[in-house]
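Descriptive analysis of the structure
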Amino acid sequence: MADKRNSNEKDEQLDVFRVVDKGKYMTTNQGLKVSEDELSLTAGVRGPTIMEDFHFREKMTHFDHERIPERVVHARGFAAHGEFELYESMEKYTKAKIFTDTSKKTPTFVRFSTVNGARGSADTARDARGFATKFYTDEGNYDLVANNIPVFFIQDGIKFPDVVHSFKPEPHNDIPQASTAHDNFWDFVANNPENAHMVMWIMSDRAIPRSFRMMEGFGVNTFRFVNKNGEAFFVKFHWKPVLGTHSLIWDEAQKLMGIDPDYHRNDLWDAIERGDYPEYELGVQIVPQEDEFKFDFDLLDATKLIPEEEVPVKIIGKMKLTKNVDNFFAETEQVAFHPANVVPGIDFTNDPLLQARLFSYVDTQLIRLGGPNFHEIPINRPICPFHNNQRDGYHRQTINVGRVNYHRNSLANNTPAPASPEEGGYKHYEEKVEGKKIRARSKSFTDFFSQATMFWNSMSAPEKQHIIDAFSFELGKVKSKSVRKQNVELFANVNLELAQIIARNIGVEPPAQGGSTVTKASPALSQLNTPMSAKTRKVAVILSDGFDGPYVKTVLGAWITAGLVPEIISEDLGMVKGTNGVTLEATQNVYTAQSVLYDAVFMVRGSSTDKAFNEKAAYFLDEAFRHKKTIGAIGEGEKWLDVNNYTNKPGVITNGSATDFAERFIKAVAMHRHWNR
Ligand code: HDE
């Protein structure tokens, strides 16, 4: 066949790193044009393959080495590019340009992740979520490597391998995947009481987010801000999603693991492709140095949070995610975060968890990314210039020109030269440190339960019920009676009633004693006190031929204007005919659509008598109702509400003009769920 390609075509590239292969001749990695890519070189048409087939060997060898080790934790992730803008200068607290220059838009790259599961596990497992942000600042890369839960399991990083071993699949049989519902994890929990607070969060709705776009991010560890006068402040970082913090229901989360294991990936990808750019405001809690000991916990203890009611979260800027990745492996998989990637004005504290993190991240990248040059991978490169005397090593790409590769030289005029702090050189905060070398922890770290109780006290009734359900599920899967009992005894320290209910659910003698005298609550911790919005919520519109054309058209128009995302589901894919010449395209059918994929349902139904369609519609309605989602129904659809006794229940919208119906529906969707159903 004649080849239409111009053999003189230039090798176009988007930039040094982004290559478009489409429309080009195929070559080997040495640039040699390939004439045949489907047949190996053989001795005769039925003969053995010949060793000399360098093209086959190069292709196969590369393929054989396509995978790199997955992250030991946070293996499953999904990322996007964005930008950060500062609302007001924080120069009183920090000299970091990213937090003082309001004129600047700083590029960012964010990777969301689950912690426990393998790279191929499902998105909606019960777990903490990683929320790692790389800011490509003019002063170097700054990484805010956060989670969606503000506290951690342990106080000292030396215990990290233990907690991770305990929650990963059990080592003898690699079961269960991406789940903490097993003996080893709960054995660890019962015997390491410092994790009680974190475990309360893991059992809460926070561990099953509705979307990456609807979860908070927390730096967890206490960091330091340092201003240009050298004055320091303690700081905790927060990301607050503009759409509010919302969660799935456990039954949904479990079903989604099978129906759409990529649920959170799809959600983020689709939102960005639609132009619904996810937004998060950055907040800081700032504590003056002199207030270090004014709290009833230690600021260096990562199992504690600072209640927002005690130190308000000051909102200082916003990040918007505006672009999906071009290549998952090159960007999402190869990105390397590190809490020690800081810029002048941001510093560390002696939090023993943070100190361990400062060691661990580079150490793990060395094996995962195959050597010390991973900062040269495009996604990891700073956008500001970088120069030093580091050389060579696996996968070195920079061709350093010149003979000098050592500091204190005369041949290159003693460059690259260190910069003074005035010139932007990083200077560590001069904290006075003294003490005996000792393996011991301060007594101020020993209250393991007060904040766990505060978390429980802060929950609304449905949130408390979900926590009980989660404990009962997870501990119900634990085979060891002793481990079950030990956990009931542990959580009796948090709340006696909670422990008693769990005990009954899991066949353990309910404890008679225990409980907590802590009455403190932090209302900011309840997800009922979060921004509510109907924007970007997905609505299943179930209809068939003969639907009320003008009515549905008006309703959908109003929803799209309000930012909802309706999706038409019918018997088959393709055009569906309504009255008055209105036609709509069904992009989902009875085979592909499931109620758990949507935030709300609009049951129109139409005149279809198709059994599969009607059965699906009935199932949809039933499940959406049980999951407390908004349901709207008109015409034939409305009749089904009566059959199931759903009419006039909270969040069930019927009647009225199309405009009025659409409005009431939007308000109901914005409530996220109707817990009073
Ligand atoms: Fe991490 N953590 N971590 N971590 N972490 C890693 O680094 C570690 C902790 C967090 O999307 C690893 O590159 C230790 C807290 C995120 O690529 C590893 C300790 C928080 C990500 C590591 C902690 C985090 C990681 C594995 C306790 C919330 C994913 C792969 C001392 C503030 C980043 C890697 C990404 C990844 C170590 C505790 C957040 C092994 C030793 C607390 C979001 O280096």
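Residues numbered from 1 in each chain as written. Predicted model: local features only at pLDDT ≥ 70, side-chain atom pairs only at ≥ 80, totals over all residues. Heavy atoms only, no water.

**Observations concerning the overall build of the protein**
A tally of helices and strands in the protein yields 16 helices and 18 strands. For 677 residues, the compact-globule estimate of 2.2 N^0.38 gives 26 Å, and the protein sits close to it at 28 Å. The C-alpha extent of the protein, read off along each of the three principal axes, is 90 × 85 × 55 Å. Expressed as a percentage of its 677 residues, the buried residues of the protein come to 51%. (Helix = DSSP H or I, 4+ residues; strand = E, 2+ residues; numbered from the N terminus. Rg over C-alpha atoms; globule rule 2.2 N^0.38 Å. Buried < 20%, exposed > 50% of the residue type's maximum accessible area, 1.4 Å probe, protein only.)

**Observations concerning the site of the ligand**
Near the ligand there are 23 residues, and of these Arg71, Arg111, Ser360, Tyr361 and Gln365 occur at the shortest range. Tyr361 places a polar side-chain atom, nitrogen or oxygen, 2.7 Å from a nitrogen atom of the ligand. Gln365 is positioned with one of its side-chain polar atoms (N or O) 2.7 Å from an oxygen atom of the ligand. Secondary structure elements with two or more residues in the shell around the ligand: strand E3 (129–137), strand E4 (140–147) and helix H8 (352–368). The element contributing the most residues to the shell around the ligand is H8, with seven residues. Residue classes in the shell around the ligand are distributed as twelve nonpolar, eight polar and three charged. (Near = heavy atom within 4 Å. Polar contact = N/O pair within 3.5 Å; in protein donor to acceptor, adjacent residues only side chain to side chain. Nonpolar A, V, L, I, M, F, W, Y, C, P; charged D, E, K, R; others polar.)

**Considering the domain arrangement of the protein**
On domain assignment, one finds that the protein holds domain 1 (41–183 + 191–380), domain 2 (456–525) and domain 3 (538–670). Put simply, the middle of domain 1 and the middle of domain 3, counted by C-alpha atoms, are 37 Å apart. Contact with domain 1, which involves eleven residues of that partner, is made by ten residues of domain 3. In this assembly, domain 1 and domain 3 are joined by three salt bridges. (Domains from an automatic or database assignment. Contact = heavy atoms within 4.5 Å. Salt bridge = Lys/Arg side-chain N within 4 Å of Asp/Glu carboxyl O.)

**A short note on a nonpolar patch on the surface**
Residues Leu41, Ile50 and Met51 make up a contiguous nonpolar surface patch of about 290 Å² in total accessible area. Checked against the element boundaries, Ile50 lands in the segment before helix H1 (54–64). (Patch = residues over 30% accessible without salt bridge, like charges linked within 9 Å, V, L, I, M, F, W, Y side chains within 5 Å. Areas by Shrake-Rupley, 256 points an atom, 1.4 Å probe, with all protein chains shown as cover.)

**A short note on the coordination of the iron atom of the ligand**
Protein coordination of the iron atom of the ligand rests on one atom only, Tyr361 (OH), at 1.9 Å. Tracing the sequence through the fold places Tyr361 in helix H8. (Donors = N, O, S within 2.8 Å, 3.2 Å for Na, K, Ca; no water.)

**Observations regarding the nonpolar core**
Ranked by size, the top nonpolar core spans 52 residues in total, and within it Phe153, Trp186, Val199, Met200, Ile467, Phe471 and Phe491 carry the most contacts. For this core, the secondary-structure elements that each account for two or more residues are helix H2 (160–167), helix H3 (183–191), helix H4 (196–202), helix H9 (450–458), helix H10 (461–476), helix H11 (481–492) and helix H12 (496–505). Counting residues per element, this core draws most heavily on H4, which supplies six residues. Residue contributions to this core reach at least three from each of two domains, namely domain 1 (41–183 + 191–380) and domain 2 (456–525). Contacts of Phe153, omitting those with residues within four sequence positions, involve Val163, Phe167, Phe185, Glu194, Asn195, Met198, Val199, Ile202 and Thr303. By size, the runner-up hydrophobic cluster in this structure holds 39 residues, among which are Ala96, Phe99, Phe225 and Val343. (Core = buried A, V, L, I, M, F, W, Y, C linked by side-chain atoms within 4.5 Å.)

**A word on the sheet that holds strand E11 (residues 538–542)**
Taken in spatial order, the six strands make up an open sheet running E15-E12-E11-E16-E17-E18, and their pairing is parallel. Edge positions in the sheet fall to strand E15 (588–589) and strand E18 (652–653), since each has one partner strand and no second. By the bridge criterion, five bridges tie E11 to strand E12 (residues 565–570) in an arrangement that is parallel. When the bridges of E12 are listed, Ile542 appears paired with Ile569. Of the strands in this sheet, E11, strand E16 (600–603), strand E17 (630–633) and E18 touch helix H16 (residues 658–670), which is tilted by about 165° from E17. (Pairing = 2+ DSSP bridges. Axes fitted to C-alpha atoms, helices over the stretch in contact; angles between N-to-C directions.)

**Description of the pairing of strand E13 (residues 574–577)**
Across four bridges, the pairing between E13 and strand E14 (residues 583–586) is antiparallel. Residue pairing across strands places Val576 opposite Leu584, the latter belonging to E14. Where E13 folds back on E14, the antiparallel hairpin that results is connected by five residues, among which Asn580 adopts a positive phi of roughly 55°.

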